[in-house]
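Examination of the molecular architecture
Listed below are the residues making up each chain.
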Number of protein chains: 2
Amino acid sequence: MAANSQFAVAIHVLTILAKAGDERVKSDYVAGSVNTNPVVIRRLLSNLQEAGLVVSHVGATGGTTLAKQAKDIRLSEVYKALPCGEVFALHAKEANQDCPIGRNMAAFLCGLQKEIDKSIEEKLRQYTLRDVIEHIEEA
Amino acid sequence: MAANSQFAVAIHVLTILAKAGDERVKSDYVAGSVNTNPVVIRRLLSNLQEAGLVVSHVGATGGTTLAKQAKDIRLSEVYKALPCGEVFALHAKEANQDCPIGRNMAAFLCGLQKEIDKSIEEKLRQYTLRDVIEHIEEA
DNA sequence: CATAACTGTAACCAGTTTAGTTACGATTAA
DNA sequence: TTAATCGTAACTAAACTGGTTACAGTTATG
C-alpha cells in the first residue's frame, strides 16, 4: 500500500461525476464503484473541491457534482490537486558536505525533480476528462 | 522512508565513480559521501552492474568503476536500471466490475501510466552523466 | 421541530515499503 | 595464510497509505 493511488482513484471518481451530470452523487455510491470506503472518497473529494474541480453539498440531499464541464478539466489539474509522490525521492539523510560532490548533489537533484514534474504535467495537460470518458466508452 | 530514493543515490554514486576514472572505488568510500551504509550502496551497484553501467570487482583490491564513459551514460539508462516507483499507483483493489466505468478504468489508467513513464524517460534521455558533472562543478 | 441522510474530519489500525544494520560466505591480492 | 573487499540474506525501525470507526455539523422533509 505504499505507492499512492490517489490520482488513479481521482480519475475514476471524476469520471463517475461527469457521467452523472447535474445529479449529486453520494460518496457511498462512488465508493461502491471504486471498491473502497466512503471516507476515502470524501477525503479525496475534499482535495478536488479545494482545487475547484468539484462542488460538494452537505445535508440530507447532499452529494458532489463537477464544478465545470468535463472538457474543461485537464488531467494536469487533477495531478496538481493531489499530493502525488515525486518520481524519485531525495536521500533522507543529507550528503557529506565535506565531499565536493555530495555538497552540490541535492540542489542538482531537486532541480531535476522539478523538470521531470513539469514533463509529467505537460503530458497530462494533453488530456481532458472528456477524453477519458470517450476512451473508456469505446472500450 | 516510503518514497524511493534509489535513483537519486544512483546519480550520486555514478558521479563519484566518474570522477574516480579508472580507479576502483570501494563501497565504504561511496557510503561516506552519500552518508549511508555500505550495504545500501552495494545493493544499488548490483542493479547498476546488471544494467551494464558499472563493473564491480570482488577481493582484496576490489571496488567499482564505470563500465563506459560518463558522456555515454544517459540518465534514462539509470532510471530504467532501477525499480523506481511509478508516478501513481493503481488502486490496490479491483474496481467494481458491474459498473461500466469501473470495468474499463484499470486498462485506461495503466495505459496512461506507461505514457507518463515514456515522457519521463524521454526527459532523462536528454542528460548524460557528463552533463551532471559539469552542472555540479560549476555550482 | 424532529428526524433522517448526508458531508467533513479526526483518530486509530494494519499492511507494505524503504533503508539501515548485522552477519557471513566467496573471492582475490599480497 | 591473511586481510580486504564484494554479494547477499535476514532482520529491524520508521514512514506512508488506505481502511475503518466515530461523531459533529448541515440540510431537506414530513
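Predicted model only: the values in this text are computed from it and were never measured. (Residues numbered from 1 in each chain as written. Chains lettered and ligands numbered in written order. Predicted model: local features only at pLDDT ≥ 70, side-chain atom pairs only at ≥ 80, totals over all residues. Heavy atoms only, no water.)

**So, the relation of the copies chain A and chain B**
Mapping between the two copies of the chain is achieved by a rotation about an axis and a shift along the axis. Stated formally: What sets the superposition is a least-squares fit of C-alpha atoms, and only residues with pLDDT of at least 70 in both copies go into it. Contact between two residues is taken to exist if any of their heavy atoms lie within 4.5 Å; hydrogens are not considered.
If you rotate chain A by 180° and push it 0.0 Å along the axis, it lands on chain B with an RMSD of 0.0 Å. Read as a symmetry element, the transformation amounts to a two-fold axis. Closest to the rotation axis within chain A is the C-alpha of Val87(A), separated from it by 2.7 Å. A symmetric contact is evident, with 100% of the interface residues of chain A recurring at the interface of chain B.

**Here's the deal with the side chain of Lys123(B)**
This is how it is decided: Secondary structure elements are taken from DSSP: a helix is a run of H or I of four residues or more, a strand is a run of E of two residues or more, and numbering for both begins at the N terminus. When a residue's accessible area, from a 1.4 Å probe over protein chains only, is under 20% of the maximum for its type it is buried; when over 50% it is exposed; and in between it is partly exposed. Counting of polar contacts relies on pairs of N or O atoms within 3.5 Å, with two restrictions inside protein: one atom must be capable of donating a hydrogen and the other of accepting it, and residues adjacent in sequence are counted only when both atoms are side-chain atoms.
Within the secondary structure layout, Lys123(B) lies in helix 5 (residues 100-125). Judged by relative accessible area, Lys123(B) falls into the buried class, the value being 16%. At 3.1 Å, the side chain of Lys123(B) forms a polar contact with the side chain of Glu115(A). Beyond its immediate chain neighbours, meaning those up to four positions away, Lys123(B) contacts Glu115(A), Ile116(A) and Ser119(A).

**Quick word on the nonpolar core**
This is how the line gets drawn: Nine residue types can take part in a nonpolar core, namely buried Ala, Val, Leu, Ile, Met, Phe, Trp, Tyr and Cys, and a core is a set of them joined through side-chain atoms within 4.5 Å.
By size, the foremost hydrophobic cluster in this structure holds 88 residues, and its most contacted members are Phe7(A), Leu48(A), Val78(A), Phe7(B), Leu48(B) and Val78(B). Those residues in contact with Val78(A) that lie beyond four places of it in its chain are Phe7(A), Ala10(A), Ile11(A), Leu14(A), Leu48(A), Leu53(A) and Ile73(A).

**Section: the interface of chain A and chain B**
Going by this rule: By convention, the term buried area covers the 1.4 Å-probe accessible surface removed from two parts as they join, with the contributions of both added. A carboxyl oxygen of Asp or Glu within 4 Å of a side-chain nitrogen of Lys or Arg is what we treat as a salt bridge.
Facing 48 residues of chain A, the contacting portion of chain B comprises 48 residues. Of the roughly 4200 Å² buried between chain A and chain B, counting both surfaces, carbon and sulfur atoms make up 72%. Of all residues in chain A, His91(A), Ile101(A) and Phe108(A) give up the largest surface area on contact with chain B, accounting jointly for 14% of the area buried on that side. Applying the counting rule to chain A against chain B returns two salt bridges. Between Glu115(A) and Lys123(B) there is a salt bridge, with the nearest N and O atoms lying 3.1 Å from each other. At the surface where chain A touches chain B, the tally comes to 14 residue pairs in polar contact (both at pLDDT 80 or more). Of all elements in the fold, only helix 1 (6-20), helix 2 (27-34), helix 4 (75-81), helix 5 (100-125) and helix 6 (129-137) of chain A reach the threshold of two or more residues within the side of chain A that touches chain B.

**Remarks on the protein's contact with DNA strand C**
Test applied: Any residue with a heavy atom positioned within 4 Å of a molecule or strand is treated as near that molecule or strand. Three categories are distinguished: nonpolar for Ala, Val, Leu, Ile, Met, Phe, Trp, Tyr, Cys and Pro, charged for Asp, Glu, Lys and Arg, and polar for the others, with Gly belonging to the last.
Close to DNA strand C lie 33 residues, the nearest being Lys26(A), Ser27(A), Arg42(A), Ser5(B) and Thr36(B). When atoms of DNA strand C within 4 Å of the protein are sorted by moiety, sugar and phosphate together comprise 68%. Between DNA strand C and the protein, one listed contact pairs a phosphate oxygen with a side-chain N or O atom of Ser5(B) at 2.5 Å. In the model, a base nitrogen of DNA strand C is placed 2.9 Å from a nitrogen or oxygen of the Arg43(B) side chain. Those elements giving two or more residues to the surface near DNA strand C turn out to be helix 3 (38-50) and strand 1 (54-57) of chain A together with helix 3 (38-50) of chain B. A total of five residues in the surface near DNA strand C trace back to one element, the largest contributor, which is helix 3 of chain A. Classifying every residue of the surface near DNA strand C by side-chain character gives 12 nonpolar, 15 polar and six charged.

Take it as geometry only, folks, not as evidence of what the structure does.
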